[in-house]
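This is what each chain is made of:
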Amino acid sequence: MNEVNDRVSQDGMQCIVAAGKKTLRELLLGLDVTVRSVDLGTGVSHLVHHSAECTAGSLFFAVPGTTVNGAMYIANALANGAVAVVCEDEMDFKIPHIVVPNVRTAMSEIAKTFYDNACDKMDIVGITGTNGKTTTANMIYHVMRARGIGVGVIGTLGAKAWDGNTETVMECKLTTPDPIELHKTFHRMVAMGVRTAVMECSAHAIHLRKLVGINFRVGIFTNLSMDHLDFFGTYRKYADTKVNWFADPQIKTSIINIDDIEGTKIKSKRIVKYSLGDVTELKLLPQRSRFRLGGVKFEIPASGRFNVYNALAVIACCRELGIALRDIARGFAVLPTVPGRFNVINVGDACAVVDFAHTPDALSKIIESCRELLNDGGRLITVFGCGGNRDMGKRPIMGTVSARHSDFTVITSDNPRMESPRSIALQILAGVKIHTDKYHMEIDRTAAINYALDMARAGDIVLIAGKGAEDYLDIGGRKTPYSDYAVIDAWKATKIGKIS
């Protein structure tokens, strides 16, 4: 059994009682593996997929990456104390390794076991879609918290959990963390007494098998539009990744936005639908939205039709989890604003709106929402850029969106990464110039925002899109502290008394 093994049996299995401490036999139980030069009784104290993080007792996953193959770092992992390596190809028998059909799948399955199957002890809500994931996830979190329910949330803004008395913030590096970090987070939440966890599920996470083994009480589909083509290649492949996820039998109930064309294609064992047509008495105010649903009045501390869609997803989810409609409405009444999502800031007689919108569809929707709030004579001035080393095709499209629907466009920089900021801006400009000559290009983002605020008159809205709550600029691969909010505050401190 040490040399060749089709499936690890339970015979002779030794159980380590402490959470997060397992033998290789326990971790491989039931999986399709081949083991070489491995003592299955060896204890594992850490799971890692970066060789530099290996210490004595680590199990190293040699993950095949898009640019670098983890197999290149096996020797380093073993030198740092790894007890064995999980890989996809057989090697010299002297190297303790476990061969699996897919390392990413195995990492998800083993991480779940290592952390005591914590996700099975909670109701997991997964949210996917191009836009709205973060807002929807945080709305659900706060509605449940308002009801006194222990709940956790994992997503773009990080991870946190409420145990009924105390909120604990946890580190998460990605929208959907890698399986080891994800299941560790689930384990911490269960230890706190949390029994419901809400998480954002990115297309990358679905494609890269991060969600394998997780049973979702609810899966939510918000919407779909062009994004991440740098990774998926085509819109259809990106869309199908999200749409087809709902066919997974591990999703008990799917909550679907049927006003989105991709939503109508979703097949799932149980579907709950939502639509803007479900609401009546809709009223959008500068910082709030009101509507009636099922005879109950709702008010949310966010404007824009897209936020009403997010609220409808939240309502459907919370009802599915057993919360009454009126209690959901009471939860909405005390919602805090979601950082970086349609945050309205007064700047004298005008206002600024800070939003994370960084795709053509998101920018279009946020512009539409801003225009709905403009009074007669008010102008919309849009400031945005596009990220480097990401979808190049969306840059002129976003330029076109802003040019056609804003009164003035300020093109700037937004996380150029390893690309030339000016080159990115010129690609945006190509889409702007087709439709208007009312634009200004300023690569320095601080200067660009100041320019837009300086030109704003009473009743105008300055939309600052792309970064939201991000607190850095990624230039040349180096993250420098930066905040759109700080720029606005600094402008207000020096200019607020000079607005005509």
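Residues numbered from 1 in each chain as written. Predicted model: local features only at pLDDT ≥ 70, side-chain atom pairs only at ≥ 80, totals over all residues. Heavy atoms only, no water.

## A closer look at the pairing of strand 17 (residues 289–293)
Working step 1: Here strand 17 shows one buried face, formed by Ser 289, Phe 291 and Leu 293, and one open face, formed by Arg 290 and Arg 292.
Working step 2: Pairing of strand 17 with strand 18 (residues 296–300), which is carried by five bridges, proceeds in the antiparallel orientation. Bridged to Phe 291 within strand 18 is Phe 298.
Working step 3: The loop that links strand 17 with its antiparallel partner strand 18 comprises two residues; one of these, Gly 294, has a positive phi angle of about 60°. (Buried < 20%, exposed > 50% of the residue type's maximum accessible area, 1.4 Å probe, protein only. Helix = DSSP H or I, 4+ residues; strand = E, 2+ residues; numbered from the N terminus. Pairing = 2+ DSSP bridges.)

## Re a nonpolar patch on the surface
Working step 1: Side chains of Val 68, Met 72 and Tyr 73 sit close together on the surface and give an oily, nonpolar patch of about 290 Å² of accessible area.
Working step 2: With respect to the element layout, Met 72 can be found in the loop between strand 5 (58–61) and helix 2 (74–79). (Patch = residues over 30% accessible without salt bridge, like charges linked within 9 Å, V, L, I, M, F, W, Y side chains within 5 Å. Areas by Shrake-Rupley, 256 points an atom, 1.4 Å probe, with all protein chains shown as cover. Salt bridge = Lys/Arg side-chain N within 4 Å of Asp/Glu carboxyl O.)

## Considering the pattern of salt bridges
Working step 1: Enumeration according to the criterion identifies 24 salt bridges in this entry.
Working step 2: As a salt-bridge pair, Glu 299 and Arg 288 come within 2.3 Å of each other at their nearest N and O atoms. Within this pair, whereas Glu 299 is found in strand 18, its partner Arg 288 is found in the loop between strand 16 (280–284) and strand 17, the two being separated by eleven residues in sequence.
Working step 3: Note on Glu 299: relative accessible area 26%, which makes it partly exposed.
Working step 4: Here Lys 467 makes a salt bridge to Asp 414, at a shortest N to O gap of 4.0 Å. Of this pair, Lys 467 sits in the loop between strand 24 (461–465) and strand 25 (472–475) while Asp 414 sits in the loop between strand 22 (408–411) and helix 13 (421–433), and the two are 53 residues apart along the sequence.

## Here's the deal with the packing of helix 14 (residues 445–455) against helix 15 (residues 484–495)
When two helices pack together, their arrangement is given by the angle between the helix axes and by the axis-to-axis distance.
Working step 1: Axis separation between helix 14 and helix 15 bottoms out at 10 Å; the angle between their running directions is 50°. With respect to their mutual orientation, helix 14 and helix 15 come out oblique. At the point where helix 14 passes helix 15, the crossing takes the right-handed sense. Contact residues: helix 14 offers Arg 445, Thr 446, Ile 449, Asn 450, Leu 453 and Asp 454, while helix 15 offers Asp 484, Val 487, Ile 488, Trp 491 and Lys 495.
Working step 2: Among the residues forming the contact of helix 14 with helix 15, the class breakdown is five nonpolar, two polar and four charged. (Axes fitted to C-alpha atoms, helices over the stretch in contact; angles between N-to-C directions. Parallel < 35°, antiparallel > 145°, perpendicular 65-115°, else oblique. Left-handed = near helix turned anticlockwise from the far one by under 90°. Contact = heavy atoms within 4.5 Å. Nonpolar A, V, L, I, M, F, W, Y, C, P; charged D, E, K, R; others polar.)

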